[in-house]
Amino acid sequence: MQRENQTATKMSGSAHPPTVLTALRSPRLLTREVLAGLVVGLALIPEAISFSIIAGVDPKVGLFAAFVMAVTIAFVGGRPAMISAATGAVALVIAPVSRIYGMDYFIATVMLAGVFQILFAVFGVAKLVKFVPRSVMTGFVNALSILVFIAQLPHLIDVPWPVYLLVAGGLVILAVLPRFTRAVPAPLVTIVIITAVVILFAINVPNVGDQGELPHSLPELFVPNVPLNLHTLAIIAPYAIAMALVGLMESLMTAKLVDDITKTPSNKTREAWGQGIANIVSGFFGSMGGCAMIGQTMINVKVSGARTRISTFCAGGFLLLLVVVFGDLVAMIPMAALVAIMIMVCVATFDWRSITPRGLKTLPKRDTMVMVITVALVVATSNLAVGVIVGTLLAALINATARKFALKS
């Protein structure tokens, strides 16, 4: 971690994280931020489409959510360089609304979730994240790495054999290139090279276009046509509260992880406000809302070295530009290139020290137990809120019990 921080410091040219103004004045830093945003924008496209399918809505609903969330949070969020967009966790929570009640109620749920997140910020709920134990944080990180890897398996099972060679080649580029230069993000080089190889040799492998149809127009203003009464509130409120809690938990934990990686603090209350505002704005553009994305955030911060809000803004801007203007070209990008990037993100994010023999000997057994239980719960339920809340309560219970026995002895 210290080596990563020294690298980030060296890249930014300062002992302090670069600000937006610093990056705008430095062609080198600005190039890094813009290219990082381009890589994330490309990586967001297939995931946004898949999350739309999970939610039972048109692919453009997830793609526009990724654009609106990223651009909005770039201005109002509390953690620079963190990426927010449509996510699987949020899609799972609100999917029943679109299926049972239709699109208008679905969008109304997203907007109400944003209101709840703002209320959580007002009442200081975001500050509770500082009470999450280190063991739970480690479990959260490891579980997310596992979930992101599992999400890549459908792209690796029952596919043409060249896919495996392309993924392997992508992993080699991602591992080797940063040792020689960081002028251009390795994920971007990977996408360009793998796509070029597939096109030049006419290799028939799954690509982004196979995931769903890309939109050809800009998002339009949308006001949900639902009755403004208690009956409507009774329908959407339970789903909105669940979405608000899951989204806020994932966002605050991701922000805390970025804090640790960059050795810089962030404003968790502002982040809660920002998530709420972004979801409300997302609803007004007829999209599905979302929250922070651990995988894309790690691509942005850990792999590409981004540190400012410029990268987040560019991620959303490039996504919209790519799908609306260059949709035909984007559709040709092999999924193998994006899978390789996500696998490398998993490897870089997972806390390997927590499972090494030396690490297991160093850490207290109760911390290891809490970490393992948190991982198991998150992976089993695909619900970050459940894993983090239960893990935190378990850690508090174990510590209280240990303290009680210590006092007796």
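Here the structure is shown first, and the text comes after it.
This structure is a prediction, so every number in the text was calculated from the model and none was measured. (Residues numbered from 1 in each chain as written. Predicted model: local features only at pLDDT ≥ 70, side-chain atom pairs only at ≥ 80, totals over all residues. Heavy atoms only, no water.)

Trainee: Account for the nonpolar core, naming residues and giving values.
Mentor: Ranked by size, the top nonpolar core spans 119 residues in total, and within it Ile45, Phe106, Phe140, Val167, Met253, Met288 and Ile299 carry the most contacts. It is helix H10 (residues 230-262) that contributes the most residues to this core, 14 residues altogether. Excluding residues that lie within four positions of it along the chain, Ile299 makes contacts with Val39, Val40, Ala43, Ser304, Ile341, Met342 and Val345. (Core = buried A, V, L, I, M, F, W, Y, C linked by side-chain atoms within 4.5 Å. Buried < 20%, exposed > 50% of the residue type's maximum accessible area, 1.4 Å probe, protein only. Helix = DSSP H or I, 4+ residues; strand = E, 2+ residues; numbered from the N terminus. Contact = heavy atoms within 4.5 Å.)

Trainee: Tell me what's going on with empty space enclosed by the protein, and back it up with residues and numbers.
Mentor: Within the structure shown, the criterion is met by 2 cavities of 30 Å³ or more. Looking at the second largest cavity, its volume works out to about 40 Å³. In terms of lining residues, the second largest cavity is bounded by Ile73, Ala74, Gly77, Arg79, Pro80, Ala81, Met82, Glu271, Arg309 and Thr312. Counting residues per element, the ones that place at least two in the lining of the second largest cavity are helix H4 (59-76) and helix H13 (309-324). (1 Å grid on protein atoms, 1.4 Å probe; cavity = no way out; pocket = protein on both sides within 12 Å on 5 of 7 lines; lining within 4 Å. Points joined across faces, edges and corners; volume = space filled by probe spheres on them.)

Trainee: So what about the packing of aromatic side chains? Which residues, and what values?
Mentor: Under the definition given, this model contains 3 aromatic pairs. With a centroid separation of 5.8 Å and an interplanar angle of 40°, the aromatic rings of Tyr101 and Tyr105 are classed as tilted. Taken together, a centroid distance of 4.6 Å and an interplanar angle of 45° make the contact between Phe350 and Trp352 tilted. A relative accessible area of 14% means that Phe350 is categorised as buried. (Phe/Tyr/Trp six-rings, centres within 6.5 Å; stacked < 30°, edge-to-face > 60°.)

Trainee: For the side chain of Asp259, give the residues involved together with the corresponding values.
Mentor: Along the chain, Asp259 falls in helix H10. Residue Asp259 is classed as buried on the basis of its relative accessible area, which comes to 10%. Of note is the side chain of Asp259, whose polar atom sits 2.6 Å from the side chain of Arg79. Setting aside its immediate chain neighbours within four residues, Asp259 contacts Arg79, Thr264, Pro265, Ser266 and Lys268. (Polar contact = N/O pair within 3.5 Å; in protein donor to acceptor, adjacent residues only side chain to side chain.)

Trainee: Please set out the pattern of salt bridges residue by residue, giving values where relevant.
Mentor: A side chain of one charge can pair with a side chain of the opposite charge if their charged atoms are brought near each other. With the rule as written, the count across this model stands at 4 salt bridges. Note that Asp260 is salt-bridged to Arg134, the shortest N-O span being 3.0 Å. In this pair, Asp260 is assigned in helix H10 and Arg134 in helix H7 (residues 134-152), connecting sequence segments 126 residues apart. Asp259 is paired through a salt bridge with Lys268; the nearest N and O atoms lie 2.5 Å apart. As far as burial versus exposure is concerned, Asp259 and Lys268 are alike and both buried. Through salt bridges that share partners, Arg79, Asp259 and Lys268 make up one connected network. (Salt bridge = Lys/Arg side-chain N within 4 Å of Asp/Glu carboxyl O.)

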